[in-house]
Amino acid sequence: MNFRRLVRRSSFIGGLAAGVVVTQRIHQRDSGIWTQRIGTTAFRAGDLPVGGAVATVLSLVAPKPLRGPLRALALGATLGVLAIAVSDPLDA
């Protein structure tokens, strides 16, 4: 396995873990801006993949060697958030 692939995989795993942990913590809270319902959906404001979006935007302006790891981080964070959001929705 080459170094670039290793860096991308570690970035993906780190992003996935961060997305899961941060979203789980938000789901454990009782109040706050991130625990508020989004319109009439069963999702919280904390279920929005903000970290993944920020990493994606950064990957657009980053130097070429950092683009791959940032995109992997963004994908991991987004998937982590969505996994928790879908598995633990608010009651309708």
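Residues numbered from 1 in each chain as written. Predicted model: local features only at pLDDT ≥ 70, side-chain atom pairs only at ≥ 80, totals over all residues. Heavy atoms only, no water.

Colleague: Give a description of a positive patch on the surface that names residues and reports values.
Modeller: On the surface, a cluster of positive charge is contributed by Arg4, Arg5, Arg8, Arg9, Lys64, Arg67 and Arg71. Sorting the residues of the positive patch by element identifies helix H1 (3–28) and helix H3 (64–87) as the ones contributing at least two each. At 4 residues, the largest contribution of residues to the positive patch is made by H1. Following the sequence through the fold, Arg4 ends up in helix H1. Its relative accessible area of 65% is what places Arg4 among the exposed residues. (Patch = residues over 30% accessible without salt bridge, like charges linked within 9 Å, V, L, I, M, F, W, Y side chains within 5 Å. Areas by Shrake-Rupley, 256 points an atom, 1.4 Å probe, with all protein chains shown as cover. Salt bridge = Lys/Arg side-chain N within 4 Å of Asp/Glu carboxyl O. Lys, Arg positive; Asp, Glu negative; His and termini not counted. Charge placed at Lys NZ, Arg CZ, Asp CG, Glu CD. Helix = DSSP H or I, 4+ residues; strand = E, 2+ residues; numbered from the N terminus. Buried < 20%, exposed > 50% of the residue type's maximum accessible area, 1.4 Å probe, protein only.)

Colleague: Outline the environment of Gly15, listing residues and values.
Modeller: For Gly15, the position within the fold is in helix H1. Along the sequence, Gly15 and Gly46 sit 31 residues apart, while their C-alpha atoms lie 16 Å from each other. In contact with Gly15, other than residues within four places in its own chain, are Leu73, Gly76 and Ala77. (Contact = heavy atoms within 4.5 Å.)

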